[in-house]
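Remarks on the overall topology
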Amino acid sequence: MSWDLSNDRPIYLQLMEKIQQDIVSGVYQPGDRLPSVRELALDAAVNPNTMQKALSELERTGLVYSQRTSGRFITEDEKMLKELKSQLAQEHIRDFFEKMRQLGFPQEETLALIQEAIKEEQ
């Protein structure tokens, strides 16, 4: 698992985003047990306290829950997972359109380029 962290934003937020992405993309399935804080911190090459903060925030949102002696698990709330996936997709789309505007592409031309790329993919 590649964590690819940068110094321009708080590390715990980047960790949260990476775990969210792994959940919506199917790396972790609903109900799956997450690796321990230490395992995740070692994998991401971060301080365990930073990983603990990220996981606590994910717990606060309800995406992850703790079972006292068993560890942390991914929510089984399909509606929440679907909403998160949609929210993340919308953020990526907004970022993409903003970058295209910065390159000087009007929205219509951007859409034409997207349609062309879809045709090439098929």
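Definitions and limits used
Residues numbered from 1 in each chain as written. Predicted model: local features only at pLDDT ≥ 70, side-chain atom pairs only at ≥ 80, totals over all residues. Heavy atoms only, no water. Salt bridge = Lys/Arg side-chain N within 4 Å of Asp/Glu carboxyl O. Buried < 20%, exposed > 50% of the residue type's maximum accessible area, 1.4 Å probe, protein only. UniProt positions renumbered as here; feature names shortened; annotations may be inferred. Helix = DSSP H or I, 4+ residues; strand = E, 2+ residues; numbered from the N terminus. Contact = heavy atoms within 4.5 Å. Core = buried A, V, L, I, M, F, W, Y, C linked by side-chain atoms within 4.5 Å. Phe/Tyr/Trp six-rings, centres within 6.5 Å; stacked < 30°, edge-to-face > 60°.

With an unreviewed UniProt entry as reference, the protein is termed GntR family transcriptional regulator, source organism Candidatus Dorea gallistercoris.

Here the focus is the pattern of salt bridges. Side chains bearing opposite charge may pair, as long as their charged atoms lie close to each other. For the structure shown, the criterion picks out 6 salt bridges. With a closest N to O distance of 2.5 Å, Arg9 and Glu17 form a salt bridge. Residue Glu17 is classed as partly exposed on the basis of its relative accessible area, which comes to 37%.

The next point concerns the UniProt feature "domain: HTH gntR-type" (unreviewed entry) in the protein. In this numbering, the UniProt entry assigns the feature "domain: HTH gntR-type" (unreviewed entry) to residues 9-77. The span residues 9-77 is 52% helical and 12% strand by assignment, and the distance between its end C-alpha atoms comes to 29 Å.

We now examine the environment of Gln20. Relative to the elements of secondary structure, Gln20 occurs in helix H1 (residues 11-24). Under the relative-accessibility criterion, Gln20 is labelled buried at 14%. The sequence separation of Gln20 and Leu88 amounts to 68 residues, and the corresponding C-alpha distance is 8.9 Å. Ignoring anything within four residues of it in the chain, the contact list for Gln20 reads Leu58, Leu63, Leu84 and Leu88.

In this section: the nonpolar core. Ranked by internal contacts, the top residues of the largest apolar core, which has 23 residues, are Trp3, Leu15, Ile19, Ile23, Met51, Leu55 and Leu58. Counting only elements with at least two residues in this core, the list comes to H1, helix H2 (37-44), helix H3 (48-61) and helix H4 (78-102). The biggest single contributor to this core is H1, with 5 residues. Apart from the residues within four sequence positions on either side, Leu55 is in contact with Ile19, Leu34, Val37, Leu40 and Arg72.

Moving on, we come to the packing of aromatic side chains. Under the definition given, this model contains 2 aromatic pairs. Between Tyr65 and Phe73, the aromatic rings sit 5.8 Å apart at their centres with planes inclined by 25 degrees, giving stacked as the arrangement. Here Tyr65 falls in the partly exposed class, since its relative accessible area comes to 28%. A relative accessible area of 12% means that Phe73 is categorised as buried. Plain terms: the ring middles of Phe96 and Phe97 are 5.7 Å apart, the flat faces sit at 65 degrees to each other, and that makes the pair edge-to-face.

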